[in-house]
Amino acid sequence: MANVLLASVIDGLLIGFVYGIAAMGLTLIFGVMDVVNLAHGPIIALGMFGVYLLFSLLGINPFIALILVAILGLLFGLLMYMVAVHRVIEAPPLSSLLSTFSVNMMIIGIGTSLFTTSSYNVEYSLGTVNVGSITVTGTRLSASLIAVLVTALLYWFLYRTRPGKYIRAVANNRTSAELMGIPSTRVLALSFGIGTMLAAIAGALIATIFPINILAGGSYELKSFVIVVMGGLGNPLGALIGGLILGLIEGVVPVFIKTTWVPVLEFLLFIIILLVRPQGILGTKE
Amino acid sequence: MKLTRYPGLILSLALVLLLALYPAITGSASARETVFTILMSIALASSLNILLGYTGYVSFGHIVFFGIGGYVGFYVLTVLGLHLFIAVLAGGLAAGLLALLLGKSILRLRGAYFALATIGVNEALRAFVNNFQPFGGPVGMDMKFAIYSEYGGAMRALWIVYGGLILITVLVIATSYAVKNSKFGLGLMAIREDEDAAEVMGVVAPNAKTWAYVLSAIFPGLIGVLFFFKNGNIEPGDAFRLHLSIELIVMVMLGGQGTVLGPIFGGAAYQQLRKTLLTSPIFKNIQLAVAGFLLLVIVLFIPSGAVGWLRSRFVNLRRVLE
Amino acid sequence: MSRKVLLIVGLLVIVALALTACATTSGGSSGGEKTVTIGFTASQTGKYNVSSGRQSNGLQMWMDDINAAGGIKLSDGTVLKFAAKSYDDESNKDRVQELYTRLATEDKADFLISPYSSGLTAAASVIAEQYGKVMITTGAASDATYQQGYTLVYQAYTPASRYLTSSVDLLASLDASAKKVAFVYENSKFSTSVVEAAKAYAENKGYEVVLFEGYDPDTKDFNPFINKIQAAGPDAILGGGHFQDGSTFARQLSEKNINVKFISLLVAPPEPTFAELGDAAVGVAGPSQWEPSAKYSADAAKAAGMDWLGLSSTEFAQKYQEKFNEEPSYHAAGGYAAGLLLQNAIQKADSIETSKVKAALDATNLMTFFGALKFDTSADRHGLQVGHSMIVVQWQRDSSGNLVKQVVWPSSGATADPLYPIR
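A. Examining the overall build of chain A more closely. Across its full length, chain A holds 11 helices and two strands. Reading the helices (α) and strands (β) of chain A from amino to carboxyl end gives α-α-α-α-β-β-α-α-α-α-α-α-α. Here chain A has a C-alpha radius of gyration of 19 Å; the compact-globule value for 286 residues is 19 Å, and the two agree. If one aligns the C-alpha atoms of chain A with their principal axes, the spans along those axes are about 60 × 45 × 35 Å. Taken across its 286 residues, chain A has 59% of its residues classed as buried.

B. Up close: the overall build of chain B. Assigned secondary structure in chain B consists of 14 helices and two strands. Over its C-alpha trace chain B gives a radius of gyration of 19 Å, about what one expects of a compact globule, namely 20 Å for 322 residues. With respect to the three principal axes, the spread of C-alpha positions in chain B is 55 × 50 × 45 Å. Relative to its full complement of 322 residues, chain B shows a buried share of 61%. For chain B, the proportion of contacts with a sequence separation of at least 24, taken over those separated by at least 6, is 75%.

C. Region of the structure containing the interface of chain A and chain B. Residue-level contacts link 36 residues of chain A with 36 residues of chain B. Elements that contribute at least two residues to the side of chain A that touches chain B include exactly helix 4 (93-115), helix 9 (217-231) and helix 11 (262-276) of chain A. When residues of the side of chain A that touches chain B are assigned to their parent elements, the largest contribution, 16 residues, is made by helix 4 of chain A. Its residues assigned to classes, the side of chain A that touches chain B comprises 27 nonpolar, seven polar and two charged.

D. Local environment of the sheet that holds strand 7 (residues 180-186) of chain C. Residue and element names in this part refer to chain C. Spatially, 8-7-9-10-11-15-16 is the arrangement adopted by the seven strands of the open sheet, whose pairing is mixed. Two strands bound the open sheet, and with one partner strand each, they are strand 8 (208-215) and strand 16 (403-409). Sheet twist, expressed as the mean angle between neighbouring strand axes with direction ignored, is 25°. In this sheet, strand 15 (residues 391-397) lies alongside strand 11 (residues 284-288) in antiparallel orientation, the contact comprising four bridges. In the strand pairing of strand 15, P287 is matched with V392.

E. Layout of the confidence of the model for chain B. Here chain B shows a mean pLDDT of 89. Residues at 70 or above account for 98%. This complex was scored by the predictor with a pTM of 0.88 and an ipTM of 0.86.

F. A look at the interface of chain C and chain B. Of the residues lining the interface, 38 residues belong to chain C; the matching set on chain B comes to 41 residues. At the level of secondary structure, the elements contributing two or more residues to the side of chain C that touches chain B comprise helix 1 (2-22), strand 3 (79-88), helix 3 (96-104), helix 4 (118-130) and helix 6 (189-204) of chain C. It is helix 1 of chain C that provides the largest number of residues to the side of chain C that touches chain B, a total of eight residues. Looking at the side of chain C that touches chain B residue by residue, the class counts come to 14 nonpolar, 15 polar and nine charged.

G. Unusual backbone geometry, seen in detail. Residue and element names in this part refer to chain C. With omega at 0°, the peptide bond leading from W409 into P410 counts as cis. Within the fold, P410 resides in the segment after strand 16. One non-glycine residue, E90, lies in positive phi territory at about 60°. Tracing the chain through its elements places E90 in the loop between strand 3 and helix 3. Take E90: there are 24 C-beta atoms within 10 Å of it, and that puts it in the buried class. Unusually for a residue other than glycine, K108 sits at a positive phi of about 50°. Mapped onto the fold, K108 is located in the loop between helix 3 and strand 4 (111-113).

H. Quick peek at the packing of helix 1 (residues 2-33) of chain A against helix 5 (residues 138-160) of chain A. All names here are of chain A. Viewed as axis vectors pointing N to C, helix 1 and helix 5 meet at an angle of 40°, and their least axial separation amounts to 8 Å. As the angle between them shows, helix 1 and helix 5 are arranged oblique. Relative to helix 5, the crossing made by helix 1 is left-handed. Along its contact with helix 1, which presents L14, F17, V18, G20, I21 and M24, the element helix 5 presents R140, L141, A143, S144, A147, V148, V150 and L154.

I. Main features of the sheet that holds strand 13 (residues 366-368) of chain C. Residues and elements named next belong to chain C. Pairing is mixed across the open sheet formed by three strands, whose spatial order is 12-13-14. On the outer flanks of this sheet lie strand 12 (307-308) and strand 14 (371-373), each paired with one strand and no other. In this structure, strand 13 lies alongside strand 14, joined through three bridges in antiparallel fashion. Considered in strand 14, the bridge of T368 is made with G371.

J. Layout of helix 11 (residues 330-349) of chain C. Residue and element names in this part refer to chain C. For helix 11, spanning 20 residues, the distance from its first C-alpha to its last is 28 Å, which sits close to the expected 28 Å at 1.5 Å a residue. For helix 11, the buried fraction is high: 17 of the 20 residues fall into the buried class. After helix 11 finishes, the residue D350 shows a positive phi value of roughly 55°.

K. Region of the structure containing the environment of G61(B). Residues and elements named next belong to chain B. Looking at the element boundaries, G61 is found in the loop between helix 2 (29-55) and helix 3 (63-78). We classify G61 as buried; it has 24 C-beta atoms within 10 Å. Leaving out residues up to four positions away in the same chain, G61 has contacts with T118, I119, V121, N122, L242 and S245.

L. Structural context of the pairing of strand 3 of chain C. All names here are of chain C. Here strand 1 (residues 33-42) runs beside strand 3; their pairing, made up of 10 bridges, is parallel. Within strand 3, the residue paired with G39 across the bridge is K85. Pairing between strand 2 (residues 72-73) and strand 3: two bridges, direction antiparallel. When the sheet's bridge partners are listed, K73 is paired in strand 3 with V79. Connecting strand 2 to the antiparallel partner strand 3 that follows it, the hairpin turn spans five residues, and G77 within it adopts a positive phi of roughly 95°.

M. Molecular detail of the pairing of strand 10 (residues 262-266) of chain C. Residue and element names in this part refer to chain C. Taken across its five residues, strand 10 has five buried, putting it largely inside the fold. Every second residue of strand 10 is oriented toward a common face, with F262, S264 and L266 on one face and I263 and L265 on the other, all of them buried. Here strand 9 (residues 236-240) pairs with strand 10 via five bridges, running parallel. Across the sheet, the residue bridging to G239 is L265, located in strand 10. In this region the chain leaves strand 9, passes through helix 8 (residues 243-255) and returns to the parallel neighbour strand 10; the handedness of that crossover is right-handed. Summarising the sheet, strand 10 and strand 11 pair through two bridges and their orientation is parallel.

N. Helix 6 (residues 162-172) of chain A, seen in detail. Residue and element names in this part refer to chain A. Within the sequence span of helix 6, burial applies to Y166, I167, V170 and A171. One side of helix 6 carries all its buried residues, which in axial view fall inside an arc of 135°. Structural note: helix 6 exposes R162 and N172 on the side pointing more than 90 degrees away from its buried face. Buried residues along helix 6 sit in contact with helix 1, helix 5, helix 7 (174-179) and helix 8 (184-209).

O. Structural view of the packing of helix 1 (residues 7-26) of chain B against helix 6 (residues 153-180) of chain B. Residue and element names in this part refer to chain B. Closest axis-to-axis distance for the helix 1/helix 6 pair is 10 Å, and the angle between their directions is 165°. When the axis of helix 1 is compared with that of helix 6, the two are roughly antiparallel. Once helix 1 is placed against helix 6, the crossing between them reads as right-handed. For the pair helix 1 and helix 6, contact is made by G8, L9, S12, L13, V16 and A20 and by I166, T169, V170, I173 and Y177, respectively. Looking at the contact of helix 1 with helix 6 residue by residue, the class counts come to eight nonpolar, three polar and no charged.

P. Here's a closer look at the environment of E90(A). All names here are of chain A. Locating E90 in the fold gives a position in the loop between helix 3 (62-85) and helix 4. Take E90: there are 10 C-beta atoms within 10 Å of it, and that puts it in the exposed class. In sequence terms E90 and I43 are 47 residues apart; their C-alpha atoms lie 24 Å from each other.

Rules used throughout
Residues numbered from 1 in each chain as written. Chains lettered and ligands numbered in written order. Predicted model: local features only at pLDDT ≥ 70, side-chain atom pairs only at ≥ 80, totals over all residues. Helix = DSSP H or I, 4+ residues; strand = E, 2+ residues; numbered from the N terminus. Rg over C-alpha atoms; globule rule 2.2 N^0.38 Å. Buried ≥ 20, exposed ≤ 12 C-beta atoms within 10 Å, placed from the backbone. Contact = placed C-beta atoms within 7 Å. Nonpolar A, V, L, I, M, F, W, Y, C, P; charged D, E, K, R; others polar. Pairing = 2+ DSSP bridges. Axes fitted to C-alpha atoms, helices over the stretch in contact; angles between N-to-C directions. pLDDT = per-residue confidence, 0-100. Parallel < 35°, antiparallel > 145°, perpendicular 65-115°, else oblique. Left-handed = near helix turned anticlockwise from the far one by under 90°. Expected span 1.5 Å × (residues − 1). Right-handed = clockwise from strand over helix to strand, strands pointing away. Arc of directions from axis to C-beta.

Here you go:
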């Protein structure tokens, strides 16, 4: 029993880091511009397919392909912001929900006609690491290490660089940031780009662990919603911790109850946190 | 009561009835099925509009009421063996009760928080039904073909279901019109514009919101029963399909939120558009992408929807295009 | 006021015009040659698009074959040619009934073929029955559809209740000491009906079920499960669901080095692309409706006292490969078999009248490349497939180290000995 529990905790935490990265992208965008990006799932899927194509067609190592995918993710986000988001940034939430959802439909529509909905595998293995009776796969371990690295880089960027400080300023109060001469449109576009970049990275990491298909991003999008609410909407570090919590729940709870009850529990928790602590587990009262 | 005093209501009802009676007059089953899909969209979109359009609360998981109504009704029909009429009422009641229960809690949330919470409610309930054995768990429930014979055979049963849907659609539209033109509706719209100010002006926001939520939930519950009775089986994935929820928002948006006529136009136009794209040889393979593109164009350039746009262009038509 | 009235009238006229434009007419047929329309929906988009696409490919190939062979000649001299009419059902139920009604009435389909999946088929069955159209179902294994009192719906697949039982039989023949089995399955309509029947079957045979648990259809991470399986210590794992989750599960079982002697999963292992898993695929077995190496023949049919119709498995596989440039899966074979079932019934009935074709279908006792086909004709399970049975395949390494899918059960049709224990 103790063994099962330990193995489950480790598995849960490792996958939790990846969940965290996925959710961070969503929460960053929300924090800066109050937009819930409903194209988040399909962008995660694009990240998956980016790695898959680079790896299987050009033979590029998935972890190097990751860098390319991240850059593409950033560019995609900038483009998406300019085309679909900028015009509705001041409109009621419904408009941005729908405009990002329309991007979702376009990605899924084109993706389905290109790749169908069948599943693909990135045939890449880093072997396994055995500690006692516990087995951890190499790809999972490296994915979570990269997730930690990406988080560290994000924080360095947000707190130590000028564009990063701009982003935080705009998130805090756009009007006063504009008065201070911060080019808010460019900053918003950049934050959106970073958000989609994180989603693409999450997809790329997932592709090294699990088989992928064009619709697979959807379930990570839903998980991301749960995570960002746990961590507090708009709080990237909260998202990482929320991801770990969700990973733990998914890892440990099935030891005690039937696994199919886990989603019930997750979403109930989600609603309860929204009601009781809408600022998130970590957040402070406003 | 002079009907000509309500040109907006008359136009809306006339459009729906004309559409609804076409299959009944020609007796064409194929036309009936096509119109069934359209009417269902109109009714669901119109009921969502009561919350979304008038009150300004974006319910992303509105389909949860369709699902719970469908399940409760199906249970009443197959396990308890009661008449369709009772099943439909039970479905509507279940959906209304759920909304009442939820309304008191999640309607405290605003904006994106509320939208996310409704998604959570839908997913939680879907996952729950997936584990709930009395409702058949993941397998869902099936209905014997013989049940239709109680209603004069499958052929007649489908016409009865169709008639029921027409009735519900008319009810939804009348309710939507009545709400819009009542003091209650004005309160809702005040909440939409500025909730805090509305409360200062004496609108009891929590109560008003809850009742709007309940009203907009009952109709999907009724329709769910009809839909799954017609289908002959029910499964969690079909009953709580989040995607349909989002499609409903698109319909409301397309026609014009906050108007009575908008969701009618939006529902019909959306279904016709999807159908055209689906059967078109050029767009068949990328129909979803084309639909997405059109949606984007509408959101970016005509955010008030078709009816909203007409109203702003032709000011003297406002009494008709409500 | 008059402007408003005008506007109302104008709008009404537009709607009326739109409606009349919707109503279309279809042409009739002429003379000695008649075109028989076969209607169905396929999932060109959505989650079923791969399996459903293969199913329609198979059906299309049957149609091309029969038309190329000059159609079916009836005794009154009429020559029947076949044409397909199909729509996209988007893998969901919203429009299935609308489209099938359209097929049955407006498009005047003479016969219907089911959509892919049990859920969509259940919705289509209501319409088929209501309009008195014979519907052959393929890709729809759930037993429940055939227990609702339909009289015109006929199943080509082995039903869910017998999907995994052959795997249990295989395990029993391999190792009498392996008694602990774990059932791990997708919490969906199809897989749940399969494992519930298989569990009862296994328990009846004296197996101890040490774990019986479903997972959510969206599951990507099976590690929590695998840890649980490890704790239960079964000899065999049975279950799975569809391709995505099945292949993920197999991959993670291998990554975690789980010591079990036997694994049999639904749907995923028979797919040619399962080989992409590499080492993780080795030893994984699974039930299949049909395999290219299946050896059903005219001689075997004769010996069993059954009719024989159509081509051999190797011919089918070869032709399909040429036509669609991929190895056929059992979904494709199922589509072709559905066509053969209709062809056989029409020939026997010497007519396309529903009542005569129905009588012929009831009396079907046919063997094809797909296997034996025969229907239950009792009132409460009418149309359920009782003739066809499952093959068990297993992925093995051949002498040069390549992954190959071998048939290991039934032993009469086996292409290799089962690999046992696998780890």
